[in-house]
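# Remarks on the overall topology
Below, each chain spelled out in residue letters.
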Amino acid sequence: MSRTVYVNGEYVAEEDAKISIFDRAFLMADGVYEVTSVIDQKICEFDGHMARLHRSLSELKMKPACADDELLAIHRELVERNDLDNGMIYLQITRGSAGDRDFVWPGDDVPSSIVLFTQDKDLVNAPTAKTGLKVISIEDQRWARRDIKTVQLLFPSMAKMEAKAQGKDDAWLTEDGLVNEGTSNNAYIVKDGAIITRHLSNDILHGITRASVLRYAKEAQMKVEERSFSIAEAQGADEAFCTAASAFVTPVVEIDGEAVGDGTPGPVATRLREIYIEESRKAAI
Ligand code: PLP
C-alpha cells in the first residue's frame, strides 16, 4: 500500500514525492534526521527527539525547517493518514538545494528541505526481544562527530552488512579496544547487577532511549556505570543489550561467536524492556 509522506510542506503519495538532485543531503550527506517510535498510534519521546534535532541542527549551523508544534502536528497527521498503529516516523532536515553543487554552504535565502515518512513495524512484539541479537565487533571508522545525528550512514551500513555476511545481526563498533556503540543503537553490558554503558562524548550518539532507560534503571534502584568496556569484558558479562527508538531494549546474546551469560536474553534486559515499553506507553502523546 502506498504511504502518504510529507515533503516540504505537502502531504503526497510516496510515488509522487520529489526532492531536487541538487539537495545537499543527496550530494553531500548534508542533513540530519530523527527516528521516533509509535506505540498504539501515539508518539514516544517526542520532546527528547526534538531537543536532539535542535542540537544536531545547531552543531551544523543549519536552520530548523519548522517549529516543534508544527512538527508534532505533522507526525500526528502522518500517523492518521497512514493508519499507523505501531512503528516509526522518520524525519530528515537537510541544508536544501542551491540549484548546483558547491562545497560552500548556500545563503540564508535557500530553505532547508524537510521530509517525514512512516514505517509500519510491530516494535513491541519484535521477535528479537525473545531471541536476542548476535553481534560482531568491527573497528569504528566513522567520522569523529558521532554525537550529531547526520544522514551520513555509509560506515554503519557497511558494518551491518559485514555482520549479515557472517550470519549475525549487528556490529558493535570499537575504538582503542573499547566499545563505542552498535551500528544504530547504544551498547550495554550487565555485570554483578550493574548496568555498564559508554559515557557520553562526541564518540557516540546520545541516545534518547539510552537517557530514559538509565533513568528508569536508577529509579528501580539498579546500579548504573557510565564508562567504556572492552569486547573481552562484554563476553565475560552476565548480560548484554542495546537500546534505540526502533529497538527499545533488545538483548544481545552473542559477541564475536562467544555466548554472553547462558546465551539467552537476561533478566535485567528483559525487565528494562518491559519498564521502557510500559513507561513509553504512558508518556506517549
Ligand atoms: N547510536 C547510533 C549510532 C544510532 O544510530 C542510534 C539510533 O539511530 C542510537 C545510538 C540510539 O539512539 P535513540 O535511542 O535516540 O534511537
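That block above? That's the structure.
Residues numbered from 1 in each chain as written. Predicted model: local features only at pLDDT ≥ 70, side-chain atom pairs only at ≥ 80, totals over all residues. Heavy atoms only, no water.

Our next topic: the pairing of strand 14 (residues 248-255). Here strand 14 lies mainly inside the structure; eight of its eight residues are buried. In this structure, strand 7 (residues 133-139) lies alongside strand 14, joined through three bridges in parallel fashion. Among the inter-strand pairings, K134 is bridged to a residue of strand 14, identified as E254. Here strand 13 (residues 239-244) runs beside strand 14; their pairing, made up of five bridges, is antiparallel. Note on strand 14: the bridge partner recorded for A244 is F248. Counting the residues in the hairpin turn of strand 13 and strand 14 gives three residues. (Buried < 20%, exposed > 50% of the residue type's maximum accessible area, 1.4 Å probe, protein only. Helix = DSSP H or I, 4+ residues; strand = E, 2+ residues; numbered from the N terminus. Pairing = 2+ DSSP bridges.)

Turning to the nonpolar core, a few remarks are in order. Core analysis: the biggest nonpolar cluster contains 28 residues, and I195, F241, F248, V249, L272 and Y276 have the highest contact counts within it. Listing elements by their share of this core, those giving two or more residues are strand 3 (31-39), strand 5 (87-94), strand 10 (186-191), helix 6 (208-219), strand 14 and helix 8 (267-283). Considering each element in turn, this core owes the most residues, six residues, to helix 8. Per-domain counts for this core show at least three residues from each of domain 1 (4-120) and domain 2 (128-283). With residues near it in sequence (within four places) discarded, L272 still touches I195, V213, A217, M222, F241 and V249. Judged by nonpolar contacts, the second largest core, of 23 residues, contains M50, I74, L91 and L116. (Core = buried A, V, L, I, M, F, W, Y, C linked by side-chain atoms within 4.5 Å. Domains from an automatic or database assignment. Contact = heavy atoms within 4.5 Å.)

Charged atoms that come close allow side chains of opposite charge to pair. The final tally for this structure, using the stated rule, is 23 salt bridges. Here D140 ties to R142 by a salt bridge, and the two come within 2.8 Å at their closest N and O atoms. Given a relative accessible area of 6%, D140 falls into the buried group. Classification of R142 as buried rests on a relative accessible area of 17%. The partner of R210 in a salt bridge is E226, and the shortest N-O contact between them spans 2.7 Å. Pair noted here: R210 is in helix 6 and E226 is in strand 12 (residues 223-226), with a separation of 16 residues, a long-range link. Owing to a relative accessible area of 4%, R210 belongs among the buried residues under this scheme. Taken together, the shared-partner salt bridges connect D140, R142, R146, E175, E181, R198 and D203 into one network. (Salt bridge = Lys/Arg side-chain N within 4 Å of Asp/Glu carboxyl O.)

So, to be careful, I would describe these as geometric facts and stop short of saying anything about function.
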